[in-house]
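# Coordinates in review
Now for the letters of each chain:
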Amino acid sequence: MKRKAKRFTLRTRNNELAVLSAAPWVYVDSPEGKPPTCVWLVCLAVSKSRRQINDWLNCRKNRRSRVLSKVMTGKSGAQLLYWAFYKLKEIEEYIPDWDSLWFWFDAVEKDKQRRVYLKGFSKYGNPNWKYLEEKDAFYFFKHPDLE
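Residues numbered from 1 in each chain as written. Predicted model: local features only at pLDDT ≥ 70, side-chain atom pairs only at ≥ 80, totals over all residues. Heavy atoms only, no water.

Right, let's get into the environment of F85. With respect to the helices, strands and loops of the structure, F85 is situated in helix α3 (residues 78-94). For the pair F85 and L20, spaced 65 residues apart in sequence, the C-alpha separation works out to 9.7 Å. Not counting residues up to four positions away in its chain, the partners in contact with F85 are Y117, G120, F121 and Y124. (Helix = DSSP H or I, 4+ residues; strand = E, 2+ residues; numbered from the N terminus. Contact = heavy atoms within 4.5 Å.)

Pasting the structure below:
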């Protein structure tokens, strides 16, 4: 089964661009009788330009990408997080059964970002999201019986 990436964009009042992207990352073979599964990589980026976000998402080795990964950007605060958790629910419905989501975050102040996401997932997210401390990421598995 071919899977197509899903991307949501938002232009904030501060004229910032926020992108929540979910793309097939790793395909995994399943046991007999079950379709092959996929792990989707989900990430949230905030910037002033679409080009800078695309360079960062595609891991390009240029100045735009490096600046986004080393400098705090965005002044919209909680508005973006509410929007991101709302869109995450749409992504959860979009992916097929037996697939999983891997929400990886890379921030300048990683401890602060982790606290914000932990609070957000507990308050607004699906209770099936799990935080993996050793990987510093969130994980969601879509099981057809847990709907």
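On to the pairing of strand β1 (residues 6-11). One ladder, built from 6 bridges, connects β1 with strand β2 (residues 17-28); its direction is antiparallel. Paired with K6 across the bridge in β2 is A22. Between β1 and β2, which pair antiparallel one after the other, the connecting turn spans 5 residues, and N15 there sits at a positive phi close to 60 degrees. (Pairing = 2+ DSSP bridges.)

This paragraph deals with the sheet that holds β1. Spatially, β1-β2-β3-β4-β6-β5 is the arrangement adopted by the 6 strands of the open sheet, whose pairing is mixed. Looking along the sheet, the strands with just one partner apiece sit at the ends: β1 and β5 (130-132). Direction aside, the axes of adjacent strands within the sheet are offset by 25 degrees on average. Pairing of strand β4 (residues 100-104) with strand β6 (residues 137-141) involves 5 bridges; the strand directions are antiparallel. In the sheet register, S100 faces β6, and the bridge partner there is F141. The sheet strands contacting helix α1 (residues 50-57) are β1, β2 and β3 (37-47), and the helix crosses β3 at an angle near 145 degrees. (Axes fitted to C-alpha atoms, helices over the stretch in contact; angles between N-to-C directions.)

All buried positions along α1 are accounted for by Q52, I53, D55 and W56. All buried residues of α1 lie within an arc of 160 degrees about the axis, which places them on one face of the element. The first or second residue beyond α1 is C59, which carries a positive phi of 55 degrees. (Buried < 20%, exposed > 50% of the residue type's maximum accessible area, 1.4 Å probe, protein only. Arc of directions from axis to C-beta.)

Before going further, it helps to examine the packing of α3 against helix α4 (residues 110-124). It is at 11 Å that the axes of α3 and α4 come closest, and there the two elements cross at 55 degrees. Considered as vectors, α3 and α4 are oriented oblique to each other. Handedness of the α3/α4 crossing: right-handed. Contacts from L81, Y82, F85, L88 and K89 in α3 reach V116, Y117, G120, F121 and Y124 in α4. (Parallel < 35°, antiparallel > 145°, perpendicular 65-115°, else oblique. Left-handed = near helix turned anticlockwise from the far one by under 90°.)

Turning to the environment of V46, a few remarks are in order. You can see V46 is positioned in strand β3. For V46, a relative accessible area of 15% puts it in the buried group.

This brings us to α3. An α-helical segment advances 3.6 residues per turn. Residues three or four places apart therefore align on the same side. Between its terminal C-alpha atoms α3 stretches 24 Å, which fits the 24 Å expected from 17 residues at 1.5 Å a residue. When α3 is considered as a whole, its buried residues turn out to be L80, L81, W83, A84, F85, K87, L88, I91 and E92. (Expected span 1.5 Å × (residues − 1).)

Here we come to a nonpolar patch on the surface. A cluster of nonpolar residues, W25, V26 and V28, forms a patch on the protein surface that exposes about 260 Å² of accessible area. Tracing the backbone shows W25 in strand β2. (Patch = residues over 30% accessible without salt bridge, like charges linked within 9 Å, V, L, I, M, F, W, Y side chains within 5 Å. Areas by Shrake-Rupley, 256 points an atom, 1.4 Å probe, with all protein chains shown as cover. Salt bridge = Lys/Arg side-chain N within 4 Å of Asp/Glu carboxyl O.)

Moving on: the pattern of salt bridges. When the charged atoms of two side chains lie near each other, side chains of opposite charge can form a pair. Applying the stated rule across the entire model yields 5 salt bridges. Across the salt bridge formed by E90 and K87, the nearest N and O atoms sit 3.3 Å from each other. Here K87 and E90 lie together in helix α3, a separation of 3 residues that amounts to about one turn. Exposure remark for K87: the relative accessible area of 17% places this residue in the buried category. Note that R114 and D111 form a salt bridge whose closest N and O atoms lie 2.8 Å from each other. Of this pair, R114 and D111 both sit in helix α4, 3 residues apart, which is roughly one turn of the helix. One salt-bridge network, in which partners are shared between bridges, spans D111, R114 and D136.

The analysis is restricted to geometry; functional conclusions fall outside its scope.
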